[in-house]
Amino acid sequence: MSETLLELRDVTRTFALSQGVFRRAATLTAVAGVSLKVERGEVFALVGESGSGKTTLAKMLLGLLPPTSGEILIGGTPISAKDRVAVSRRVQPIFQDPYSSLNPRKSVAQLIALPLVVHGVGDRAERRAEVLEMLDLVGLSKRHYDAYPGQLSGGQRQRVAIARALILRPEVVICDEPTSALDVSVQAQILNLLLELKRELGLTYFFISHNLAVVEHLADRVAVMYLGRFVEQRSRAGLFAAPRHPYTRALLDSVLTPDPDLGVPDTRIGATMIGGDTGCPFHPRCPSAIDICRTTAPAIRTLPDGWATCHLVEQQEAVLVP
Amino acid sequence: MSATAPAAFDTAPPRRRAALLRRSLGHSGLVIGGTLLVAIVAIALAAPLIAPHDPYNQDLAHRLIPPVWQAKGSWEHALGTDKLGRDYLSRLIFGARISLLIGTLTVLISGTIGTVIGVCAGYFGGKVDAVLSYVVTTRLALPVVLVALASAALVGSSLEGVIVVLGLLLWDRFAVVTRSATQQVARSDYVAAAQAIGCSTPRILASEILPNILNALIVVATLEMAHAILLEAALSFLGLGVQPPLPSWGLMISEGKQYMFFSPWVIGIPATALVALVLAINLVGDGLRDVTAPENRG
Amino acid sequence: MALLEVDNLTVDFTLGDGVLHAVRGVSFTLERGETLAIVGESGSGKSMTSLALMNLLPKRATRRADRLVFDGIDLAAAPETRMRALRGNRMAMIFQEPMTSLNPSYTIGNQLIEALRTHRSVSSDEARDRAVQLLEKVGIPAAARRLSQYPHQLSGGLRQRVMIAMALMCGPDLIIADEPTTALDVTIQAQILHLLADLKTEFGMAMILISHDLGVVARVADKVAVMYAGEVVESAASRPLFKAPRHPYTRGLLNCIPVPGRTAPGVPLGAIPGQAPTLIGPQRGCAFRDRCSFSAPECAGDIPFVAVEPGHRARCIRLGALEAAA
């Protein structure tokens, strides 16, 4: 019986953009009507490119930004902006940029111990022991206890960030592109570490990434986000075997495996974004758009392992040809 | 943990403090300015011990004696005497105390006001920023000297008065610089991480934001110190600042302007001291900025 | 005669606490119309190599080479005036961040026209026409209108296309593309790479592509040089390198990338332990030996290139042990 740890119900977030003194502010909809459930112990991956709204969504999940409408529930209870402290014991982040996510003025020990200090856990000696244990858990040596971030490499910093995120034993970890800024060989180390820690500590991951190869490696379920909306949500195997939304297909087509016999794929999606206000937001770029796509927003079409919002769901080819 | 154990392969990084010290000693401006500043501070602190005479002791029989390098000078009064027969060297030495006192206290007051305003504007943004920016703009529209004139007219002029007036007026650069520095730091992921950990806002401002804007703050502080010292000299020269018989360098220049053509040293000596002090402070400020800047790049 | 010959290129930086050997004895050749990819992680020296070719290194850097010849011109001895005549004209560079490599204060048209008129005496009308022509060629719709737009009005993908157009204005023989798609969205990346490949063929240009992304390299390159810690550790034509990599680092690198359909989900990736060494101070022996599972005491000595096959060489003395273990 799986337990729903994290749930979003029709969450929307808009921002007001000032257009100057004399014009009414424009609204930017970063996230539009997103609903999802993350079960305990799974890796739920969110795939999106820039402008998809994934960072805004991550901030809302961390309690850093309130939704304009809709509800966010953690362990079944709705959260509001006041609950930041309570949320922080259950949900913690790992950010993308290891050079920006650690305060350069604090030592590794101070950084990792901060959650303990803020929540009043343990005395100085106990905190020291906890920090040392976390260092060991993430594969850093005791020598780093008094080091400063400026002395560490990108991979080491990310390990410190992971230690900091896990010291309070949260249930859900929001990983926002945790390996995108790292070298290839270090990415593998960190991904392995994340998988290992998930097993050892019984964690649940909400994993945001634009790298589909990494997502295929880690995820149990995958959601694809485009311009603030979820366009497809499937099991990992299902999505990669037979994507139903043209945007997902384009993303998968764009994955460049290191195969020298293949050339550069032709993804066939357009560049222009104009005209997305009516109908399906993807239709200006969609290679398969038909008339109804320009006028009517597609409804959610249920699939055996999830759903997709596209008028052509039934007509998509059954299996993606590699 | 075989795939995740990098510990054995870490290379030893250069130590932060050693590198900083080396860079500081290699920066000629910082070394020159720093030495000069330390010398002036030392002289000011040791004033009662090293001044040859009492700076307030009038000796009307020996007025306007020239400094030792001129024909009628003597080592008794190495830098001569002023129009009331007071030893110039002693007055110069005690004058350093006044300049440094004013510089330091003014910066403490204005720095606190400006930093609070700037950090709040930069961190909270939105309406708070709009209101505080309006306050800063209003302050920038005020002419400092005229406000000092008005306050002198209201409450009389004095050393304490100068410190208060300058302290309450010279915070604008602090506010502007800390505001933009705070905006930059507040965008960092480590501030978001601190928020996600559940840190209260005061804790975030004190332990995440403030230490990271310290570099910019120190540079502004040194520049504003020089600014305050020069302004006090100007105000005292106009009679709106420190009152006689205190040996403020600005006042010494003012008292000496009648004798400017006959006894130019009466103006030249305190003016040179002022220039030396302000130059030293500016060199130190520039030097600190240069030396601490590369460290910020991770 | 090869278009570009590089032999024993070194770049050193004098720092406060020693000399940083960023590029150590890199050699390669490039024929006309060929695409050479230089692959490496951060600190491998790949970007420094490209900057060294154009002599755009920072002031504290010292460049030395036994041979650095571009189309018969000795680049090592060329004075700055000669280099300026070549840059943007016969050798052009495309950078990673289109945000910072286009001047935000000038229009696109202004920058494109300047790129041409710096090297050719043409009228501004002729320059304008060529700019429109190239913008169309790189796939920017409504090209004529774009000339009066500013960089901030375009998306990242469009800006990168403008950069490519700018590089092509004078019809260069060589394009150096330093991580041209890393900062772009995945769907745009494929389109830009497609574009580069098409333009290369059409204009008969050679390209040096610098990247950390092995997928990009595999799909685009004719030949590949793998760099680690300032040295080329393996070089070969693209197919042999990816099908039969010989150097432990190259193998390690290929093993640690997740590949949908090949790497099993959830199973740990073959990571390379440790991290790259800092290159400050004298370097001896194989820089990879501390992280290599095949290293032996001999690896601390000189490591020459071993010719694995014609055109395929690896800088390793333990190749036999690797093959035995495989």
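The rules we used
- Residues numbered from 1 in each chain as written.
- Chains lettered and ligands numbered in written order.
- Predicted model: local features only at pLDDT ≥ 70, side-chain atom pairs only at ≥ 80, totals over all residues.
- Helix = DSSP H or I, 4+ residues; strand = E, 2+ residues; numbered from the N terminus.
- Rg over C-alpha atoms; globule rule 2.2 N^0.38 Å.
- Buried ≥ 20, exposed ≤ 12 C-beta atoms within 10 Å, placed from the backbone.
- Contact = placed C-beta atoms within 7 Å.
- Domains from an automatic or database assignment.
- Nonpolar A, V, L, I, M, F, W, Y, C, P; charged D, E, K, R; others polar.
- pLDDT = per-residue confidence, 0-100.
- Core = buried A, V, L, I, M, F, W, Y, C linked by C-beta atoms within 7 Å.
- Pairing = 2+ DSSP bridges.
- Axes fitted to C-alpha atoms, helices over the stretch in contact; angles between N-to-C directions.
- Parallel < 35°, antiparallel > 145°, perpendicular 65-115°, else oblique.
- Left-handed = near helix turned anticlockwise from the far one by under 90°.

Participant: Tell me about the overall build of chain C, and please be specific about residues and values.
Facilitator: The secondary structure content of chain C amounts to twelve helices and 13 strands. Taken over C-alpha atoms, the radius of gyration comes to 21 Å for chain C, in line with the 20 Å a tight globule of 326 residues would show. Its C-alpha atoms give chain C principal-axis dimensions of about 65 × 50 × 40 Å. Scored against the burial criterion, the 326 residues of chain C give a buried share of 46%. The contacts of chain C with a sequence gap of at least 6 include a subset with a gap of at least 24, amounting to 65%.

Participant: Let's hear about the domain arrangement of chain A: which residues, and what values?
Facilitator: Residues and elements named next belong to chain A. Under the domain assignment used here, chain A contains domain 1 (4-241) and domain 2 (245-322). The gap between the C-alpha centroids of domain 1 and domain 2 is 28 Å. With 16 residues of domain 1 at the interface, the matching set in domain 2 holds 17 residues. Looking at the side of domain 1 that touches domain 2, the elements that each hand over two or more residues are α7 (212-218), β9 (221-226), β10 (229-235) and α8 (236-241). Looking at the side of domain 1 that touches domain 2, the element that brings in the most residues is β10, giving six residues. The residue inventory of the side of domain 1 that touches domain 2, partitioned by class, reads ten nonpolar, three polar and three charged.

Participant: Go over the confidence of the model for chain A with me, naming the residues and quoting the values.
Facilitator: All names here are of chain A. Mean pLDDT over chain A stands at 89; residues scoring 70 or higher make up 95%. Looking over chain A, one finds the lowest element-wise mean pLDDT in strand β5 (residues 77-78), namely 85, and the highest in strand β3 (residues 43-47), namely 96. Counting interchain partners and residues more than four positions distant, the pLDDT-below-50 stretch residues 318-322 has nine contacts.

Participant: Residue-level account of the nonpolar core, with values.
Facilitator: Ranked by internal contacts, the top residues of the largest apolar core, which has 265 residues, are Ala45, Leu61, Phe206, Phe207 and Val224 of chain A together with Val217 of chain C. Leave out the neighbours within four places in its chain, and Phe206 of chain A touches Leu6, Val38, Phe44, Leu46, Leu61, Val172, Ile174 and Cys175 of chain A.

Participant: Please give an account of the sheet that holds strand β12 (residues 306-309) of chain C that cites residues and values.
Facilitator: Residues and elements named next belong to chain C. Strand order in the open sheet formed by eight strands is β7-β8-β9-β3-β10-β11-β13-β12, and the pairing between neighbours is mixed. The two strands at the open ends of the sheet, each matched to only one other strand, are β7 (91-94) and β12. Each strand axis lies, on average, 20° off the axis of its neighbour in the sheet, ignoring direction. In the sheet, β7 pairs with strand β8 (residues 174-178) via four bridges, with the strands oriented parallel. Its bridge partner being in β8, Ala92 is matched across the sheet by Ile175. Contacts from helix α1 (residues 46-54) reach β3 (35-39), β7, β8, β9 (206-211) and β10 (223-228), with the element oriented near 150° to β8.

Participant: Now, about the domain arrangement of chain C: what can you tell me, with residues and values included?
Facilitator: Reports of interface size often rely on the accessible area that becomes lost once the parts have come together. Residues and elements named next belong to chain C. When cut into domains, chain C gives domain 1 (1-90 + 175-185 + 204-258 + 278-326) and domain 2 (97-169). Spacing between the C-alpha centres of domain 1 and domain 2 amounts to 31 Å. Across the boundary between the two partners, domain 1 contributes six residues, which contact eight residues of domain 2. Across the side of domain 1 that touches domain 2, the residue classes break down as four nonpolar, two polar and no charged.

Participant: Describe the sheet that holds β9 of chain A, naming the residues involved and giving the relevant values.
Facilitator: In any sheet, the strands associate via hydrogen bonds between backbone groups, in a parallel or an antiparallel arrangement. Residue and element names in this part refer to chain A. Judged by pairing direction, the sheet is mixed, and its eight strands sit side by side in the order β6-β7-β8-β3-β9-β10-β12-β11 without closing on themselves. Looking at strand neighbours, the two that pair on one side only are β6 (91-94) and β11 (301-303), the edges of this open sheet. Strand-to-strand twist in this sheet, taken as the mean axis angle between neighbours without regard to direction, amounts to 25°. Both β3 and β9 contribute to a ladder of four bridges, which runs parallel. When the bridges of β9 are listed, Val47 appears paired with Val224. Lying over the sheet, helix α5 (residues 154-166) contacts β6 and β7 (172-176), oriented at roughly 175° with respect to β6.

Participant: Explain the confidence of the model for chain C to me, and be specific about the residues and the numbers.
Facilitator: One rule of thumb: low pLDDT means the predicted coordinates there are not for detailed reading. Mean pLDDT over chain C: 91, with 100% of residues reaching 70 or higher. On the interface metric, ipTM, the complex scores 0.88, and its pTM is 0.87.

Participant: Any chance you could break down helix α11 (residues 248-255) of chain C for me, citing the residues and the numbers?
Facilitator: What α11 of chain C keeps buried is the set Pro248, Tyr249, Thr250, Gly252 and Leu253 of chain C. Here the buried face of α11 of chain C lies against α6 (184-201) of chain A together with α9 (214-220), β10, β11 (231-237), α10 (238-243) and α12 (319-325) of chain C.

Participant: Tell me about the packing of helix α2 (residues 28-45) of chain B against helix α4 (residues 88-124) of chain B, residues and numbers included.
Facilitator: All names here are of chain B. Where α2 contacts α4, the axes come no closer than 8 Å and their chain directions differ by 110°. When the interaxial angle is binned, α2 and α4 end up roughly perpendicular. The chirality of how α2 crosses α4 is left-handed. Facing α2, whose interface residues are Ile40, Val41, Ile43 and Ala44, α4 presents Ile93, Ala96, Arg97 and Leu100. Here the residues of the contact of α2 with α4 are counted per class, giving seven nonpolar, no polar and one charged.

Participant: Report on the interface of chain C and chain A, specifying residues and quantitative values.
Facilitator: Across the contact, 40 residues belong to chain C and 39 residues belong to chain A. When contributions to the side of chain C that touches chain A are tallied by element, the ones reaching two or more residues are α8 (186-203), α9, α10 and α11 of chain C. Looking at the side of chain C that touches chain A, the element that brings in the most residues is α8 of chain C, giving eight residues. For the side of chain C that touches chain A, a count of residues per class yields 21 nonpolar, 14 polar and five charged.

Participant: I'd like to hear about the packing of helix α3 (residues 108-118) of chain A against α5 of chain A, residue by residue, with values.
Facilitator: Residue and element names in this part refer to chain A. At their nearest, the axes of α3 and α5 sit 7 Å apart, and the two run at 30° to each other. What the angle tells us is that α3 and α5 run roughly parallel. The two elements α3 and α5 cross, and the hand of that crossing is right-handed. Counting all contacts with α3, which are made through Val108, Leu111, Ile112, Leu114 and Pro115, the residues of α5 involved are Val160, Ala163 and Arg164. In terms of residue class, the contact of α3 with α5 is built from seven nonpolar, no polar and one charged.

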